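Structure at a glance
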Amino acid sequence: MRRVRTIPKVFFALAFVGAGMNHFRATSFYLRMMPAYLPGPLALVYFSGIAEIVLGILLLVPRTSVIAAWGLVALLVAVFPANVQMALHPEVFPEFSMTGLWMRLPLQAILIAWAFHYSHAPAQDAEQVM
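It should be emphasised that the depicted structure is a prediction, and the values quoted were computed from it without experimental measurement.

1. Side note on the overall build of the protein
- Within the protein one finds six helices and zero strands.
- Counting only residues that meet the buried cut, the protein has 35% of its 130 residues in that class.
- Residue pairs at least 24 apart in sequence account for 68% of intrachain contacts in the protein once pairs closer than 6 positions are excluded.

2. Remarks on the nonpolar core
- Ranked by internal contacts, the top residues of the largest apolar core, which has 15 residues, are Phe12, Phe16, Leu55, Leu59, Leu72, Ala115 and Tyr118.
- Breaking this core down by element, the ones donating at least two residues are helix H1 (2-25), helix H3 (41-59) and helix H4 (65-78).
- In terms of residue count, the dominant contributor to this core is H4 (six residues).
- What Leu59 contacts, discounting residues up to four positions off in sequence, is Lys9, Phe12, Ala13, Ser65, Ala68, Ala69, Leu72 and Tyr118.
- Formed by nine residues, the second largest nonpolar core is a distinct cluster that contains Phe29, Tyr30, Ala82 and Met86.

3. So, the side chain of Ser119
- Relative to the elements of secondary structure, Ser119 occurs in the segment after helix H6 (98-117).
- In terms of polar contacts, Ser119 uses its side chain to reach the backbone carbonyl oxygen of Phe116, at 2.5 Å.

4. Quick notes on H3
- For H3, spanning 19 residues, the distance from its first C-alpha to its last is 26 Å, which sits close to the expected 27 Å at 1.5 Å a residue.
- Listing the buried residues of H3 in full gives Val45, Ser48, Gly49, Ala51, Glu52, Ile53, Leu55, Gly56 and Leu59.

5. Some words on a nonpolar patch on the surface
- On the surface, Phe24, Leu31, Leu42, Tyr46, Ile50 and Val54 cluster together into a nonpolar patch covering about 490 Å² of accessible area.
- With respect to the helices and strands, Phe24 occurs in helix H1.

Cut-offs used in this document
- Residues numbered from 1 in each chain as written.
- Predicted model: local features only at pLDDT ≥ 70, side-chain atom pairs only at ≥ 80, totals over all residues.
- Heavy atoms only, no water.
- Helix = DSSP H or I, 4+ residues; strand = E, 2+ residues; numbered from the N terminus.
- Buried < 20%, exposed > 50% of the residue type's maximum accessible area, 1.4 Å probe, protein only.
- Contact = heavy atoms within 4.5 Å.
- Core = buried A, V, L, I, M, F, W, Y, C linked by side-chain atoms within 4.5 Å.
- Polar contact = N/O pair within 3.5 Å; in protein donor to acceptor, adjacent residues only side chain to side chain.
- Expected span 1.5 Å × (residues − 1).
- Patch = residues over 30% accessible without salt bridge, like charges linked within 9 Å, V, L, I, M, F, W, Y side chains within 5 Å.
- Areas by Shrake-Rupley, 256 points an atom, 1.4 Å probe, with all protein chains shown as cover.
- Salt bridge = Lys/Arg side-chain N within 4 Å of Asp/Glu carboxyl O.

Here is the structure:
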């Protein structure tokens, strides 16, 4: 049973690490996502990338897993306006279909729910490595 619970958690955490690293490989893409009303878009792209990497790693550490899950919930809520920006300005993202851009919004809710799931670790999980 432990493996059934661990594999999705590791996948989720590594997905955030990979996405965070992508902020540094494809910075221009993430800059296009930034709403114009936010100050310091480059700093925000880098900060969110670092946050995704750090929180993804901390999700795998038993002592920090719960706080990392809450951090991911907060981060996913914080970056939601960027997903709205994409959906409202499809001309900036011709590489995506309109359907794909709008599907990012409910996907964000699913990711928030997934992160929230890890914010309530059972007592025995605190003793496990993952």
